[in-house]
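# Results of the structural survey
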Amino acid sequence: MKDHNWWRQAAVYQIYPRSFADSNGDGLGDIRGITGKVSYLKSLGIDAVWLSPFYPSALADGGYDVDDYRNVDPKLGTLEDFDEMTAALHDAGIKLIVDIVPNHSSNRHKWFKEALASPKGSAARDRYIFRDGLGENGELPPSDWVSVFGGPTWERITEPDGSPGQWYFHIFAKEQPDFNWDNLEVRADFLKTLRFWSDRGVDGFRIDVAHALTKDLEGALPTRAELEAKGADAEGFLDGSHPYWDRNEVHEIYAQWRKLFNEYNPPRTAVAEAWVHTDRRPRYASPEGLGQAFNFDLLQADFDAAQFRTIITKNLAEAAASGASSTWVFSNHDVVRHATRYGLTAATPAGEGEIMAGLAGKEWLLDGGRREDVNAELGLRRARAASLLMFALPGSAYLYQGEELGLQEVGNEIPDSERQDPAFYRNKGVEIGRDGCRVPLPWTTEGSSFGFGDGGAHLPQPEWFAAYAADSQAGIHGSTLELYRAALRLRRELQAVEELEWIETGNPKVLHFNRPGGWQSITNFGDTPVDLPPGVVLVSSAPLEHGKLPGNSTVWVR
Ligand code: GLC
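In short, a report on the structure. Note that this is a predicted model, so its numbers are computed, not measured.

Below, the discussion takes up the overall build of the chain. In terms of helices and strands, the chain carries 16 helices and 16 strands. Rg of the C-alpha trace for the chain: 23 Å, near the compact-globule value of 24 Å for 558 residues, within the 12% margin. Seen through its C-alpha atoms, the chain measures out along the principal axes to roughly 80 × 55 × 50 Å. Restricting to contacts in the chain with at least 6 residues of sequence separation, those with at least 24 account for 68%. Taken as a whole, the chain presents about 20,800 Å² of accessible surface, with 52% of it coming from carbon and sulfur.

Following this line, the structure appears as structure tokens:
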């Protein structure tokens, strides 16, 4: 009997493949690089790997611009390499989740090229979203909407006869044209893709911008100001009537996908990346839909006991009501690493005046990402406390490569000329973008690109990366790597029913909860050491001080 519920309380480790390990010395991480690190992943104690896009891509958006959904980027390897990696992970008892990017393809996808070469109104154009422009000669975009990376959501094309032509819609970069999900060929093709990878042994899928697929872009379009006046924000409207965010019809697609997933044994899993209003998240996570959805609430919160408690309580209740299990995440390839976020100070002395931990560190990026605004020691201490708390929670914990090393975000040390993120290019001078969490990992203290590969790193690694190298932490008691290993091992041993019981501490800076099986987790968000309940200490994120739990730390007790 296969375990159908393996995902419910899994520890899932996200690999951003181009920055994980480079096996052939071309400066870009690859599939064989991952295969070479399977024993590392096994010793970390994770249950699954989530692999960010590894498909053929010109990397206009870090691989989230896909040329071909059923292949491996030749820069990263071959389908045979992929199969070898999958087998190696499975042999190590690790499941594999791959990223699916259904909202848009790249502009190099064969369908988009066909659309450009075909006339207005053709079946080829209908797979994407083309419209005539406004103005006398169609010279104005169909609306004044702004794309996620800055600049307009519409791009004008040149018609095959050389005349200025229609406009196509793109929520993200202009190299990422949005699909038309009313088109049946598009729907059928994604079912084919999901089968292709499921048949190859992939255990689950992470669905990129799951809340954007279906759209209403017919007729006269509202202006940006009209949408804002009606209360639209980056998450859409609460009633599902936003022209492209979080529309109700999107769930028809996932119901169809769920049927396909359930044909497999065990059923393929899926997790939605849906930045929607929290009340609308359960529909994505329901068993009739994708089954799980990312909850980015903790990721956007400050290191604050009250915020954490509210978020945890709400999400556990929500997950229970929808039949999903909850998800927790502090870091991924889109946000400032939490070891940095929690150390952000407004250029004031250590520990004082932290203003920017929330909202995923966005303000720091907007501010130029200055290292002197980061108290790295405090940030790491808090990140370790937060992660240990997360590992004690019911539900799935999603980790991002490098957080197990306590790695810090690289800020303004990446020269402008070496930046890759389209958010930087489309917003020049406004934000530095997401490259800082995508710098290749340091595996060794010495050597070319700190052991990432023999040929340098595609994003520059700062000197201080040496201090975080995996080889300097392995086997060292108290290192972040060993903390993660110990916590993940214990988590497997102790895992029980998805329940949590709060213990009132009388101290607003301390969170304490019990898990079934008689173990408990206590986090001190304040600075003053606090007493511990009687019991055996299983693991702690910082050494105890005279038997007390010091500030900014977590301990598990049984
Ligand atoms: C998701 C991805 C992000 C990407 C965007 C467009 O938000 O996580 O990295 O830029 O989708 O595909």
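Below, the discussion takes up empty space enclosed by the protein. Tallied over the full model, the rule gives four cavities of 30 Å³ or more. Taken as a whole, the largest cavity spans an internal volume of roughly 100 Å³. Residue lining of the largest cavity: 13 residues in total, with Arg281, Ala285, Ala293, Glu318 and Ala319 positioned closest to the centre. Listed by contribution, the elements that provide at least two residues to the lining of the largest cavity are helix H9 (281-285) and helix H11 (305-322).

A few words now on unusual backbone geometry. The omega torsion across asparagine 265 and proline 266 is -5°, close enough to zero to call that bond cis. Tracing the backbone shows proline 266 in the loop between helix H8 (250-261) and strand S8 (269-272). Residue valine 209 is not a glycine yet carries a positive backbone phi of 30°. Looking at where valine 209 falls in the secondary structure, it is placed in the loop between strand S7 (204-207) and helix H7 (224-229). Given the relative accessible area of 5%, valine 209 is considered buried. Unusually for a residue other than glycine, phenylalanine 450 sits at a positive phi of about 50°. Along the chain, phenylalanine 450 falls in the loop between helix H15 (422-426) and helix H16 (480-494). Taking the relative accessible area as the measure of exposure, phenylalanine 450 reaches 9% and is therefore buried.

Before going further, it helps to examine the packing of helix H14 (residues 376-392) against H16. At their nearest, the axes of H14 and H16 sit 10 Å apart, and the two run at 10° to each other. On the basis of their axis angle, the class for H14 and H16 is roughly parallel. Counting all contacts with H14, which are made through Leu380, Arg384, Ser387, Leu388, Met390 and Phe391, the residues of H16 involved are Thr480, Leu483, Tyr484, Ala487, Leu488 and Arg491. Residue composition of the contact of H14 with H16, grouped by class: eight nonpolar, two polar and two charged.

A cluster of acidic side chains, namely Asp126, Asp182, Asp216 and Glu218, defines a negative patch on the protein surface. As for its placement among the helices and strands, aspartate 126 is situated in helix H5 (residues 123-126).

What counts, and at which threshold
- Residues numbered from 1 in each chain as written.
- Predicted model: local features only at pLDDT ≥ 70, side-chain atom pairs only at ≥ 80, totals over all residues.
- Heavy atoms only, no water.
- Helix = DSSP H or I, 4+ residues; strand = E, 2+ residues; numbered from the N terminus.
- Rg over C-alpha atoms; globule rule 2.2 N^0.38 Å.
- Contact = heavy atoms within 4.5 Å.
- Areas by Shrake-Rupley, 256 points an atom, 1.4 Å probe, with all protein chains shown as cover.
- 1 Å grid on protein atoms, 1.4 Å probe; cavity = no way out; pocket = protein on both sides within 12 Å on 5 of 7 lines; lining within 4 Å.
- Points joined across faces, edges and corners; volume = space filled by probe spheres on them.
- Buried < 20%, exposed > 50% of the residue type's maximum accessible area, 1.4 Å probe, protein only.
- Axes fitted to C-alpha atoms, helices over the stretch in contact; angles between N-to-C directions.
- Parallel < 35°, antiparallel > 145°, perpendicular 65-115°, else oblique.
- Nonpolar A, V, L, I, M, F, W, Y, C, P; charged D, E, K, R; others polar.
- Patch = residues over 30% accessible without salt bridge, like charges linked within 9 Å, V, L, I, M, F, W, Y side chains within 5 Å.
- Salt bridge = Lys/Arg side-chain N within 4 Å of Asp/Glu carboxyl O.
- Lys, Arg positive; Asp, Glu negative; His and termini not counted.
- Charge placed at Lys NZ, Arg CZ, Asp CG, Glu CD.

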